[in-house]
Amino acid sequence: MFSVFIARYSLFYNHLKNIEESEGGLDKFTKSYKSFGVNQLADGGIYCKEWAPGAEAVFLAGDFNGWNPSSHPYKKLEYGKWELFIPPEDGQSPVPHGSKLKVVIRAQNGALLYRISPWARYVVRDEDKVNYDWVHWNPPQSYIHKNPSPKRLKSLRIYESHVGIASPEGKVASYKNFTYNVLPRIKDLGYNCVQLMAIMEHAYYASFGYQVTSFFAASSRYGTPDDLKEMIDVAHSMGITVLLDVVHSHASKNSEDGLNQFDGTDSCFFHSGYRGNHQLWDSRLFDYANWEVLRFLLSNLRMWIEDYRFDGFRFDGVTSMLYHHHGIGTGFSGDYNEYFGLHVDEDALCYLMLANHMINTLHPECITIAEDVSGMPALCRPVAEGGGGFDYRLAMAIPDKWIQIIKELKDEDWNMGNIVHTLTNRRYEEKYIAYAESHDQALVGDKTLAFRLMDAEMYTNMSVLMPLTPVIDRGIQLHKMIRLITHALGGESYLNFMGNEFGHPEWLDFPRIGNNESYHYARRQFNLTEDDLLRYKFLNAFDRDMNKLEERFGWLASPQAYVSEKHESNKVIAFERAGLIFIFNFHPYQSYVDYRVGIETPGKYKILLDSDAGEYGGHQRLDHRTEYFSEQYPHNYRPNSIMVYIPSRVALVLHNVDIPK
């Protein structure tokens, strides 16, 4: 197995060496977004460059030349590249800001194809049109960032967000709305990082941003590029790190306003034939062995960092990239034969290593996250070790486990050992992002944890004026417990999808033919938490205080927890992390008086967080003034212990008051 990592590093090193020798270094190679596409020169002229290896001829047409398809031909260069220089007119740009453009490709069969440049920075769609138009974006004064990026975070608390649905109203919300209405909310909730979905332009809104058509363009449906830059700048002023959900695993099949068949051939940026198509996603698959594809994708990452000031990326669909089978119809048991062999796409893995090496070298403050369900070993180890170079990977087994437990088991049958195993089962020396649920569970066809726990009663019994029903009581208590134990035990970072922190009562469904193009479910009802008569405020308050407590003690940046108790019949789990004692009683009706819990450090303990507190919608069965004194007890796992009253369905966090924090 060690030889495989050597081989992977050798492939990476050879690519890096070739880039150094042929392109003048990785720095220059990944700045290609400044020369490819259409770029304004200092003297007012326009320099255009494209890679279209299958084209017979290339032209630029647009408003600037009356859409003449042949008046501005590109000059053919080596390796399928084409360039065009348009001199300034009286010191002014010949292509005005806001004018529409198209690259005209004469295909091998003689047909003229009107295409959007793969490097286009701004595309828009008029209400009366189906396809997007390429608009030259070169304002007289671009947005100037005022605030520095936050320092690299030790404890990452991520708020996964979608700009378009970030409003209670049934409409496409804007960057401005997110800036002034949502960012303050995220800050108040104690999250220090926002992960933005659906920013890279995608023609089909209902794709959730995962069918990208223009990789260098920020989605215009929410506003202008400057609006997005302002949004990120304001986030930075609040100390919030901003990550981009980047989609380099595949691309939309659109050809009129996408990358597909850009030069009139089946290949260009993609594999040709069967290998170039994803059979489940109905999308195109990149050829990661192609030199120009590497230039395109690496430059894309760099543009988002340097132009917009993103602080890193969550790479979507990494499992699909890593394997020729793309994870389709394949289960992963952890057997090493599943991760090494001819079924692994070494070219894609090499691209990911190059991407992480570039980011770590040029922007070491940036963070990268891998969405990989397979558990590829060393994906989050340094490239120098033959690893993938990612900082974090998503702990994707955790939400699946919670769904399976809630869906299939009675409360009395919950297996404490299995829960602990799922939350702690991670690769040594690799960092994981724990989450109880993400956007996947919020989508139509699935159910959020709140919906699985409370279902239809969320619509009728969430008012504090209504009697607390057993279903709502159980749902509120378990919702808090599941999130806290996931937060504290499941990884080195934590993620929540917007709205799920307070148990958003509706699923997420974008406008499409199947729902009569309705925006009713493409929204987040943040207003529910502001209504004192609704119980959503309790879940929101608990989520906020949970994050604030982590901010104070930093358990996500601490070593993995020591689990001292996982008692099956009592349904109790207890562990220590960051000097805190976490106790969970999942029993549906059994409370325990003077329950002995082992501790490492003797002293006097008090409760810091109690899921049963009244401000969190609980029954306030504990007196938070109570002090718990340690005593020696040699028969426990720890030589010291405390005796605690643990009500049923409760989560407690205790702190040794003799150790100031």
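Before any of the text, the structure's been laid out above.
Rules behind the numbers
- Residues numbered from 1 in each chain as written.
- Predicted model: local features only at pLDDT ≥ 70, side-chain atom pairs only at ≥ 80, totals over all residues.
- Heavy atoms only, no water.
- Disulfide = S-S within 2.5 Å.
- Helix = DSSP H or I, 4+ residues; strand = E, 2+ residues; numbered from the N terminus.
- Polar contact = N/O pair within 3.5 Å; in protein donor to acceptor, adjacent residues only side chain to side chain.
- Contact = heavy atoms within 4.5 Å.
- Buried < 20%, exposed > 50% of the residue type's maximum accessible area, 1.4 Å probe, protein only.
- Pairing = 2+ DSSP bridges.
- Expected span 1.5 Å × (residues − 1).
- Phe/Tyr/Trp six-rings, centres within 6.5 Å; stacked < 30°, edge-to-face > 60°.
- Lys NZ or Arg CZ within 6 Å of the ring centre and 35° of its normal.

1. Observations regarding the state of the cysteines
Put plainly, a disulfide is one covalent bond tying together the sulfur atoms of two cysteines.
Phase 1 of the analysis: Scanning the entire structure with this criterion turns up zero disulfides.
Phase 2 of the analysis: For Cys268, which is in no disulfide, the shortest distance to another cysteine sulfur is to Cys48 and amounts to 17 Å.
Phase 3 of the analysis: Of all cysteine sulfurs, the one in Cys193 lies closest to Cys366, which takes part in no disulfide; the gap is 11 Å.

2. Some words on the side chain of Ser611
Phase 1 of the analysis: Relative to the helices and strands, Ser611 is located in the loop between β26 (604-610) and β27 (628-629).
Phase 2 of the analysis: Within polar-contact distance, the side chain of Ser611 engages the backbone nitrogen of Ala651 at 2.8 Å.
Phase 3 of the analysis: Filtering out sequence-adjacent residues up to four positions away, Ser611 remains in contact with Gln477, Lys480, Met481, Phe542, Tyr616, Gly618, Val650 and Ala651.

3. Some remarks on the pairing of strand β21 (residues 493-497)
Phase 1 of the analysis: Along β21, five of the five residues are buried, which leaves the element largely enclosed by surrounding structure.
Phase 2 of the analysis: Residue alternation in β21 divides its side chains into two sets, Ser493, Leu495 and Phe497 and Tyr494 and Asn496, and both sets are buried.
Phase 3 of the analysis: Bridging between strand β10 (residues 156-162) and β21 involves five bridges; their strand directions are parallel. By the bridge assignment for β21, Leu156 is matched with Ser493.
Phase 4 of the analysis: Examined bridge by bridge, strand β20 (residues 432-434) and β21 share two bridges and lie parallel to one another. When the sheet's bridge partners are listed, Ile433 is paired in β21 with Ser493.

4. A short note on the sheet that holds strand β25 (residues 592-599)
Phase 1 of the analysis: One open sheet accounts for three strands, arranged β25-β29-β28; its pairing is antiparallel. Each of the sheet's edge strands pairs with one partner strand only, and the pair in question is β25 and β28 (631-632).
Phase 2 of the analysis: Where β28 lies against strand β29 (residues 640-646), two bridges are found, and the strand directions are antiparallel. Looking at β29, one finds that Glu631 is bridged to Ser641.

5. Section: the environment of Gly475
Phase 1 of the analysis: As for its position among the elements, Gly475 is in helix α12 (residues 470-489).
Phase 2 of the analysis: Gly475 sits in the buried class, given a relative accessible area of 0%.
Phase 3 of the analysis: Contact partners of Gly475, with chain neighbours within four places excluded, come to Leu453 and Met454.

6. A few points about α12
Working note: α-helix, 3.6 residues per turn, so residues spaced by three or four point in the same direction.
Phase 1 of the analysis: Between its first and last C-alpha, α12 extends 28 Å over 20 residues, near the 28 Å set by a 1.5 Å rise per residue.
Phase 2 of the analysis: Within α12, 18 of the 20 residues are buried, which leaves the element mostly enclosed by the surrounding structure.

7. Some thoughts on the packing of aromatic side chains
Phase 1 of the analysis: On inspection of all chains with the given rule, the structure shows 42 aromatic pairs.
Phase 2 of the analysis: A ring pair is formed by Tyr323 and Phe332, whose centres lie 5.3 Å apart and whose planes are at 40°; its orientation type is tilted.
Phase 3 of the analysis: Using a relative accessible area of 0% as the deciding quantity, one classes Tyr323 as buried.
Phase 4 of the analysis: Plain terms: the ring middles of Phe451 and Trp507 are 6.1 Å apart, the flat faces sit at 35° to each other, and that makes the pair tilted. Taken together, the residues Phe451 in helix α11 (residues 449-454) and Trp507 in the loop between β21 and α13 (536-553) connect sequence positions 56 residues apart.
Phase 5 of the analysis: Residue classification places Phe451 among the buried positions, given a relative accessible area of 7%.
Phase 6 of the analysis: Looking at Trp507, the relative accessible area reads 28%, which means it is partly exposed.
Phase 7 of the analysis: Above the plane of the ring of Phe5 lies Arg8, whose end atom (NZ or CZ) is 6.0 Å from the centre.
Phase 8 of the analysis: Over the ring of Tyr308 we find Lys229, and its NZ or CZ is 5.3 Å from the ring centre.

Take it as geometry only, folks, not as evidence of what the structure does.
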